[in-house]
Amino acid sequence: MRLDTPRLPPLPEAEWDDDVRDVLKGVALGGARPLNIFSTLAHHPKLMKRWLVFGNHVLAKSSLSPRERELAILRVGWRWRSEYEFGQHVLIARGVGIPDADIERVAQGPDAPGWDPFEATLLRAVDELCDDAFVSDATWKALAARYDARQLIDLVFTVGQYTLVSMALNTLGVQRDPGVPGFPKPPR
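Before going into details, it helps to say that this report is about the structure given with it.

What counts as what
- Residues numbered from 1 in each chain as written.
- Predicted model: local features only at pLDDT ≥ 70, side-chain atom pairs only at ≥ 80, totals over all residues.
- Heavy atoms only, no water.
- Helix = DSSP H or I, 4+ residues; strand = E, 2+ residues; numbered from the N terminus.
- Rg over C-alpha atoms; globule rule 2.2 N^0.38 Å.
- Contact = heavy atoms within 4.5 Å.
- Areas by Shrake-Rupley, 256 points an atom, 1.4 Å probe, with all protein chains shown as cover.
- Polar contact = N/O pair within 3.5 Å; in protein donor to acceptor, adjacent residues only side chain to side chain.
- Buried < 20%, exposed > 50% of the residue type's maximum accessible area, 1.4 Å probe, protein only.
- Phe/Tyr/Trp six-rings, centres within 6.5 Å; stacked < 30°, edge-to-face > 60°.
- Lys NZ or Arg CZ within 6 Å of the ring centre and 35° of its normal.
- Salt bridge = Lys/Arg side-chain N within 4 Å of Asp/Glu carboxyl O.
- Lys, Arg positive; Asp, Glu negative; His and termini not counted.

**Some details on the overall build of the chain**
And step 1. Broken down by element type, the chain carries 9 helices and 0 strands.
And step 2. Secondary structure elements in the chain, listed N-terminal to C-terminal, are α-α-α-α-α-α-α-α-α.
And step 3. Taken over the C-alpha trace, the chain has a radius of gyration of 17 Å; the compact-globule value for 188 residues is 16 Å, and the two agree within 12%.
And step 4. Taking the principal axes of its C-alpha atoms as reference, the chain extends roughly 50 × 40 × 30 Å.
And step 5. Expressed as a percentage of contacts within the chain between residues at least 6 apart in sequence, the contacts between residues at least 24 apart total 71%.
And step 6. For the chain, the accessible area works out to roughly 10,100 Å², and carbon and sulfur atoms hold 58% of it.

Written out as structure tokens, the structure is:
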């Protein structure tokens, strides 16, 4: 984590107004307390409510396969050094069947041995967007050989969404929730 303590601590439940309660009841699973990202964004309930609509599309309604979506999100979290984002999506990636070896390989990047050619291209696209806010012609052509227009757009917006979230998490100092892993340890 870049910060050991939050710059903007999660809003305590005692300070939630009706708007915050309404929004947070939709993100708390099974009555559990909301994740730190949500209780931190509760300081700005109107923004949080509108952001959740877009975030829900990217996470749950994207035309990308769950595996490809999570590989891209993990790479974004790694590239922007957002341990909170990376850790939350380790749990989601495991839930969609991505093995830990693949999750750990995300940190090594698109040239790491073991990726199939398309997944290497996917990670390369993430890196290009993080480095230059642009996908090169060669990478675009390789993506377009498999992806339709919606998938191409969803990939760009996924990287953009999680870039935004990583910047907010890092800057606000949102701390990992209990049970959320951090970055993988470097191989020995």
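Don't stop here, the text continues.
**Focus on the side chain of Arg75**
And step 1. Mapped onto the elements, Arg75 comes out in helix α4 (residues 66-79).
And step 2. A polar side-chain atom of Arg75 sits 2.8 Å from the main-chain carbonyl oxygen of Val106.
And step 3. With residues up to four places along the chain from it excluded, the contact list for Arg75 reads Val106, Ala107, Gln108, Gly109, Pro110, Leu123, Val126 and Asp127.

**Overview of unusual backbone geometry**
What is expected of a backbone is that most residues other than glycine have negative phi and most peptide bonds are trans.
And step 1. For Arg81, which is not glycine, the phi dihedral falls at a positive 55°.
And step 2. Mapped onto the secondary structure, Arg81 falls in the loop between α4 and α5 (83-95).
And step 3. Accessibility expressed as a relative area gives 34% for Arg81, which makes it partly exposed.
And step 4. With phi around 55°, Ala133 is a residue other than glycine that occupies positive phi space.

**Details of the packing of aromatic side chains**
And step 1. Overall, the coordinates contain 6 aromatic pairs when judged by the stated rule.
And step 2. Here the aromatic rings of Phe54 and Phe157 are separated by 6.1 Å at their centres, their planes lie at 70°, and the arrangement is edge-to-face. Of the two residues, Phe54 is situated in helix α3 (residues 45-61) and Phe157 in helix α9 (residues 149-172); the sequence distance between them amounts to 103 residues.
And step 3. Phe157 gets classed as partly exposed once you look at its relative accessible area, which sits at 45%.
And step 4. An aromatic cluster is defined as three or more aromatic residues linked by ring pairs; in this entry it consists of Trp78, Phe86 and Phe183.
And step 5. Over the ring of Trp115 we find Arg105; its NZ or CZ atom is 4.5 Å from the centre of that ring.
And step 6. The ring centre of Phe118 lies 4.1 Å from the NZ or CZ of Arg146, which sits over that ring.

**A closer look at the pattern of salt bridges**
And step 1. The tally for this structure, following the rule as stated, stands at 13 salt bridges.
And step 2. Linking Glu13 and Arg21 is a salt bridge whose minimum nitrogen-to-oxygen distance equals 3.9 Å.
And step 3. The partly exposed category is assigned to Arg21, whose relative accessible area is 36%.
And step 4. Across the pair Glu68 and Arg146 runs a salt bridge whose closest N-O atoms are separated by 2.7 Å. In this pair, Glu68 sits in helix α4 while Arg146 sits in the loop between α8 (137-144) and α9, placing the two residues 78 residues apart along the sequence.
And step 5. What makes Glu68 buried here is its relative accessible area of 8%.
And step 6. Shared partners join several salt bridges into a network, and the residues in it are Arg67, Asp102, Arg105 and Glu119.

**Brief notes about the side chain of Asp154**
And step 1. Looking at the secondary structure, you find Asp154 in helix α9.
And step 2. Although Asp154 lies buried, it forms no salt bridge, and the closest oppositely charged side chain, Arg150, sits 5.9 Å away as judged by the N-O distance.
And step 3. In contact with Asp154, not counting residues within four places along its chain, are His57, Ser62, Ser63 and Leu64.

**Some details on the environment of Pro178**
And step 1. Tracing the backbone through its elements, the reader meets Pro178 in the segment after α9.
And step 2. In this structure the C-alpha to C-alpha distance between Pro178 and Glu15, which are 163 residues apart in sequence, comes to 22 Å.

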